[in-house]
Amino acid sequence: MTNDLENDHRPLPVVLRPVADELLSSWLVRHAAYYGVTGPFFAKWLRLGTPNLSTLDHRLGLEQVARLSEKLRCDPVTLIAMTFVGATSQSAELICRGRVPQMCRACADRHAREGASGAVPRHWRKAWRVTCPACGVALSDTNERPNTRETLRETSPFGGLWREALAGEAIIERFLRGDCSFELSPIALMRALLVQTWRPFGANGCNPIIGWALGTLIPEFDELARPIKRRINHAAVASLPISFRPALLAGLSRAIADPAVLNAIRDETILRGRRAFERLREQARIDAHAAAKSHPT
Ligand SMILES: [Zn+2]
């Protein structure tokens, strides 16, 4: 990659084929590797105005689109579809930042066989996925269990709730695709289920301990979440450790199937937890109404 190419408007000599649903940053990183340079060097050479390729997955200016489509012989619409730029604010909060939290090992093996080793599809960053939409198999946890061939179904302590988790995953997909039949936004409900509360402990209710709204439905959730309580935050659903995701999706599917369970949950939350839960339940109603209006049937 020589300097005389720097002001050149010609496309790259070799443009790699993206894998299905590949993230823009992943595609660019693979090009950098192909040309034997680092990601920041490649970004500078492309004159993208940022050394950090992963920021392009969330923010992409017109000039960057023009530059990339010229150098990579790719039309702008296809480029934008490789990012989360078009995501609504609701789905944007469910996109995991930082290290890729999950992967489909079957797809990763296929990418390697097809010469696209290390490619990252967009759904590996979606905080509501437990299965791969490309091949249907269960995803694997890449943070806590990077070296195992096992999937989330085996490694999550909530693997026993798998069928309900699949129902929860399908609910979020339907909602994001514009299904207007929801009375409550399942995305806001996910937040509501992660609201922290206190639970009475001991014979006379002394020594309260921390719990979560979801723990009313799935008591093991409280037990397993307590040691990592700082990582469980209703304002950051995407940062929930992936091993807890099957529980959250299972709880969501129960709440959507029978909204009366939300009353039982409210009754089990107290003080600030109850106020936050009620506020988010109301938000779920407002969001579902707004979504129905923006996607008229
Ligand atoms: Zn797959």
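Within every chain, residues take consecutive numbers counted from 1 along the sequence as written. The predicted nature of this model means local features are confined to residues of pLDDT at least 70 and side-chain atom pairs, given and counted, to a pLDDT of 80 or more, with totals for whole chains, interfaces and linings taken over all residues.

Student: Looking at this model, I keep getting lost on the overall build of the protein. Mind explaining?
Tutor: When you go through the protein residue by residue, the secondary structure sums to 13 helices and four strands. Considering only C-alpha atoms, the protein reaches an extent of 80 × 45 × 30 Å along its principal axes. Across the 297 residues in the protein, those meeting the buried criterion constitute 39%. A pair of residues counts as a contact when their C-beta atoms, built from backbone coordinates, are within 7 Å of each other. In the protein, the proportion of contacts linking residues at least 24 apart, taken out of those at least 6 apart, comes to 64%. Secondary structure is summarised from DSSP: a helix means a run of H or I of at least four residues, a strand means a run of E of at least two, and numbering begins at the N terminus for each. Think of it as a crowd count around each C-beta: if 20 or more other C-beta atoms lie within 10 Å the residue is buried, if 12 or fewer it is exposed, and in between it is partly exposed, with C-beta placed from the backbone throughout.

Student: Explain helix α9 (residues 186–193) here, please?
Tutor: Residues three or four positions apart in an α-helix share a direction because the helix packs 3.6 residues into each turn. The element α9 is largely enclosed, with a buried count of eight among its eight residues. Where α9 is concerned, the buried positions are Pro186, Ile187, Ala188, Leu189, Met190, Arg191, Ala192 and Leu193.

Student: So what exactly am I meant to see when it comes to unusual backbone geometry here?
Tutor: In most cases, non-glycine residues show a negative phi, while peptide bonds are predominantly trans. For Arg47, which is not a glycine, the phi torsion comes out positive at approximately 55°. On the secondary structure map, Arg47 appears in the loop between α2 (39–45) and α3 (62–71). The phi angle at Arg73 is positive, at roughly 45°, despite the residue not being glycine. Its location among the elements puts Arg73 in the loop between α3 and α4 (76–81).

Student: What exactly am I supposed to notice about the nonpolar core here?
Tutor: Soluble globular proteins tend to bury their nonpolar side chains together. In this usage, the nonpolar core is the set of buried Ala, Val, Leu, Ile, Met, Phe, Trp, Tyr and Cys residues whose C-beta atoms join them within 7 Å. Residues Leu194, Leu214 and Leu248 are the most contacted members of the largest nonpolar core, which totals 53 residues. Elements that contribute at least two residues to this core include exactly α6 (105–113), α8 (162–176), α9, α10 (219–225), α11 (245–257), α12 (261–268) and α13 (271–294). What Leu214 contacts, discounting residues up to four positions off in sequence, is Leu193, Leu194, Phe221, Ala247, Leu248 and Gly251. Membership of the second largest hydrophobic core comes to 19 residues, among which are Ala43, Leu48, Leu56 and Leu60.

Student: When you look at the environment of Glu268 in this model, what are you seeing that I'm missing?
Tutor: Relative to the elements of secondary structure, Glu268 occurs in helix α12. With 17 C-beta atoms counted inside 10 Å, the residue Glu268 sits in the partly exposed group. Separated by 71 residues in sequence, Glu268 and Thr197 have C-alpha atoms that sit 8.5 Å apart.

Student: Would you explain the domain arrangement of the protein in this entry?
Tutor: Where the parts come together, the accessible area they lose is often given as the size of the interface. Segmentation of the chain into domains, including their bounds, is taken from an automatic or database domain assignment. Split into domains, the protein comes out as domain 1 (3–86) and domain 2 (186–294). Inter-centroid distance (C-alpha atoms) of domain 1 to domain 2 is 40 Å.

Student: Just to check I follow, could you spell out the environment of Ala225 for this structure?
Tutor: Among the secondary structure elements, Ala225 is positioned in helix α10. Owing to 22 C-beta atoms within 10 Å, Ala225 belongs among the buried residues under this scheme. As a C-alpha pair, Ala225 and Ile210 span 15 residues in sequence and 9.3 Å in three-dimensional space. If near-sequence neighbours (up to four positions away) are discounted, Ala225 is found in contact with Trp212, Ile232 and Phe244.

Student: Before we go on, may I ask you to explain α13 in this structure?
Tutor: Any helix carries an expected span of 1.5 Å times its number of residues minus one. Taking 1.5 Å of rise per residue, the 24 residues of α13 would be expected to cover 34 Å, and the 35 Å separating its terminal C-alpha atoms lies within 8% of that figure. Among all positions of α13, only Gly273, Ala276, Phe277, Leu280, Arg281, Ala284, Asp287 and Ala288 are buried. On its buried face, α13 sits against α5 (89–92), α9, β3 (196–199) and α12.

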